[in-house]
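# Overview (structure and organization)
Residues per chain are reported as follows:
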Amino acid sequence: MSTPPLASGPEGPDALRPLLDTVLDALREGTAARHGPLPAGGPETVARQVQDAIGDVLPPHGDENALRLVVRTLAEGSADPADPLCAAHLHCPPLAVATAADLAASALNPSLDSWDQAPAASELETLVTRALAREVYADGDQGDALITTGGTESNLLALLLAREAHSSPQLVCGASAHHSLHRATWLLGLPDPVVVPAPAGTLDPAALDEALTRCADQRLRRGHGPRGSLLVAATAGTTDAGLIDPLPDIADLCEAHGARLHIDAAYGGGLLFSDRHRDRLHGLDRAHTVTLDLHKLGWQPIAAGLLAVRDTNNLAVIHHHADYLNADDDTEAGLPDLLGRSLRTTRRPDILKIAATLKTLGRQGIGALVDQVCDHAQELADLIAGHPRFELYDRPAISTVLFRPAGATDDTVAAVRRTLLNQGRAVLGRATLDGRLWLKATLLNPHTRPGDLATLLKLVEGHTPA
Ligand SMILES: *Cc1c(COP(=O)(O)O)cnc(C)c1O
């Protein structure tokens, strides 16, 4: 075999073009061979199919058909969020334009740890992150945003910034807050979070007030400073139900108690793009830090996370020095210092696909997608509410609909979900709320039609024992 061609350089495009045809053909074949939102047969069957198709993963001699084979195998065995019946998680179908842009990121391979590896990509990142920070902090010209791998890394960074600003802050969050916050406290050596019960699914201001008073007293007695040593994490779009915490009330309480505020808007942050729904994030700009995740309500290929930060002085603590990447004399001579924009070193330009999407669709275009999936959730809720064999948890707040077959046990609910998975017919999620198990439909596909929603319900109905 001759030396394989490269993706970039003058010959890159010509080398890539036939390979892309192969990839696109394999995507088409694999998707057609799957016949549904995910492969049928469950984990053992899929594992065997992959093993049989791929065979020796590192053969002594190469196989020029491998690209087609590997991509086809992946497509055939994927849970495809572009299928309207694949609606379990905050797992979005990426836009074609974003995926196409991402190809250029892979081809050129800029790395955002130093300017000399990413001259234009670093400027693009500056422009887009500032613009997105302005979406969150409309009045502030101080704000900025860091690119992350997703909500988990954004939450970790938010807690790190809080830890550095206030020694060992106590995190106070609702029971509906994302699990990554708990892990972040563990990783950062912070005290275990104080979890405020959230029986209604959102952080209750009265209960938060009480928890903050109690925590401040305790910390005073233990010799910690009273102010700023408490960190509240609120959620705009809970993972289980898509509910938005009462942000203005929580921000008021944080002010009254001198607590720092982080808002995890990994899911709900996308509402910022919608004229119809943006007001529901009122109070977001009062947070010190805000988690956003454009691989949810932003239709990006993974990864596309952000952490918006109101006061960029907060970012000084992650400044880092490595002579080969940001020597002082280089920085003084005007080479941008990128190392303080992430905890990672080599870093993919995830900004490229985001930039291409924002500019291609514009605010209205993205807002329309947000509105569509929110509308779909209302339509599904209507179908469920009007159906005698189903129970609706509540009206959807964003695009998550929780429901269960009327009168079913939790075991039945869990079994229906697994049966649909094993048969490859539908991908639904699960959530325990109200002490009961619910089926969860997270609608993120703007192409879903009303008939698809009816099909989803028919499938569940058909697989529920009478
Ligand atoms: C999805 C989610 C996260 C985690 O984001 P990842 O991108 O999966 O790391 C954090 N918080 C909330 C509220 C989420 O829904």
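Residues numbered from 1 in each chain as written. Predicted model: local features only at pLDDT ≥ 70, side-chain atom pairs only at ≥ 80, totals over all residues. Heavy atoms only, no water.

## So, the packing of aromatic side chains
This structure, assessed with the given rule, holds 2 aromatic pairs. Geometrically, the ring pair formed by F390 and F403 is edge-to-face, given 5.6 Å between the ring centres and 80 degrees between the ring planes. Here the residue F390 occupies a position in strand β8 (residues 390-392), and F403 occupies one in strand β9 (residues 400-405), the gap between them amounting to 13 residues. By the burial criterion, F390 is buried, and F403 matches it. Between Y393 and W438, the ring centres sit 5.2 Å apart and the planes meet at 70 degrees, which makes this aromatic pair edge-to-face. Highlighted residues: Y393 in the loop between β8 and β9 and W438 in strand β11 (residues 436-442), separated in sequence by 45 residues. (Phe/Tyr/Trp six-rings, centres within 6.5 Å; stacked < 30°, edge-to-face > 60°. Helix = DSSP H or I, 4+ residues; strand = E, 2+ residues; numbered from the N terminus. Buried < 20%, exposed > 50% of the residue type's maximum accessible area, 1.4 Å probe, protein only.)

## Here we look at the domain arrangement of the protein chain
Annotation of the protein chain at the domain level lists domain 1 (12-77), domain 2 (110-360) and domain 3 (362-462). With centres defined by C-alpha atoms, the gap from domain 2 to domain 3 works out at 29 Å. Between domain 2 and domain 3, the residue contacts involve 26 residues of the former and 23 residues of the latter. Summing both sides of the interface, domain 2 and domain 3 together bury roughly 2,100 Å²; the carbon and sulfur share of this comes to 57%. Its largest share of buried area at the contact with domain 3, domain 2 owes to D240, Y267 and W299, together 30% of the area lost on that side. The tally of links from domain 2 across to domain 3 stands at 3 salt bridges. A salt bridge links R363 to E135; the nearest nitrogen and oxygen atoms lie 2.6 Å apart. (Domains from an automatic or database assignment. Contact = heavy atoms within 4.5 Å. Buried area = accessible area lost by both parts, 1.4 Å probe. Salt bridge = Lys/Arg side-chain N within 4 Å of Asp/Glu carboxyl O.)

## Things to note about the sheet that holds β9
Strand order in the open sheet formed by 4 strands is β8-β9-β11-β10, with antiparallel pairing between adjacent strands. Each of the sheet's edge strands pairs with one partner strand only, and the pair in question is β8 and β10 (429-433). In this sheet, neighbouring strand axes are inclined to one another by 40 degrees on average, regardless of whether the strands run parallel or antiparallel. Pairing of β10 with β11, which is carried by 5 bridges, proceeds in the antiparallel orientation. The residue bridging L433 from the neighbouring strand is R436, located in β11. The sheet strands contacting helix α12 (residues 351-385) are β8, β9 and β11, and the helix crosses β9 at an angle near 20 degrees. (Pairing = 2+ DSSP bridges. Axes fitted to C-alpha atoms, helices over the stretch in contact; angles between N-to-C directions.)

## Regarding the pairing of strand β6 (residues 289-293)
In terms of burial, β6 is a largely internal element, 5 of the 5 residues being buried. What you see with β6 is no split at all: T289, T291 and D293 on one side and V290 and L292 on the other are buried throughout. Sheet analysis places strand β5 (residues 260-264) next to β6, joined by 3 bridges and oriented parallel. Opposite D264, over in β6, you have T291 as the bridge partner. Bridging between β6 and strand β7 (residues 305-309) involves 5 bridges; their strand directions are antiparallel. From the neighbouring strand, T289 faces β7, where its bridge partner is V309.

## Thoughts on the site of the ligand
Taken together, 13 residues lie near the ligand, and T152, D264, D293, H295 and K296 sit nearest. At 2.6 Å, a side-chain N or O of D264 approaches a nitrogen atom of the ligand. Protein contact buries 85% of the 380 Å² of open area that the ligand shows by itself. For the shell around the ligand, the per-class residue count stands at 2 nonpolar, 8 polar and 3 charged. (Near = heavy atom within 4 Å. Polar contact = N/O pair within 3.5 Å; in protein donor to acceptor, adjacent residues only side chain to side chain. Areas by Shrake-Rupley, 256 points an atom, 1.4 Å probe, with all protein chains shown as cover. Nonpolar A, V, L, I, M, F, W, Y, C, P; charged D, E, K, R; others polar.)

## Examining a negative patch on the surface
Taken together, the side chains of D116, D323, D328, D329, D330 and E332 make up a negatively charged region of the molecular surface. Element by element, the count of residues in the negative patch is highest for helix α11 (residues 328-332), at 4 residues. Inspection of the secondary structure assignment puts D330 in helix α11. (Patch = residues over 30% accessible without salt bridge, like charges linked within 9 Å, V, L, I, M, F, W, Y side chains within 5 Å. Lys, Arg positive; Asp, Glu negative; His and termini not counted. Charge placed at Lys NZ, Arg CZ, Asp CG, Glu CD.)

## Here we look at the sheet that holds strand β4 (residues 230-235)
Across the sheet, which stays open at both edges, the 7 strands sit in the order β1-β7-β6-β5-β4-β2-β3 with mixed pairing between neighbours. Each edge of the open sheet carries a strand with a single partner, namely β1 (144-148) and β3 (194-196). The sheet shows a mean angle of 20 degrees between the axes of neighbouring strands, taken without regard to direction. Two elements, strand β2 (residues 170-174) and β4, share 4 bridges in a ladder whose sense is parallel. Bridged to Q170 within β4 is L230. Across the sheet, helix α5 (residues 119-136) is in contact with β1, β6 and β7; its angle to β1 comes to roughly 115 degrees.

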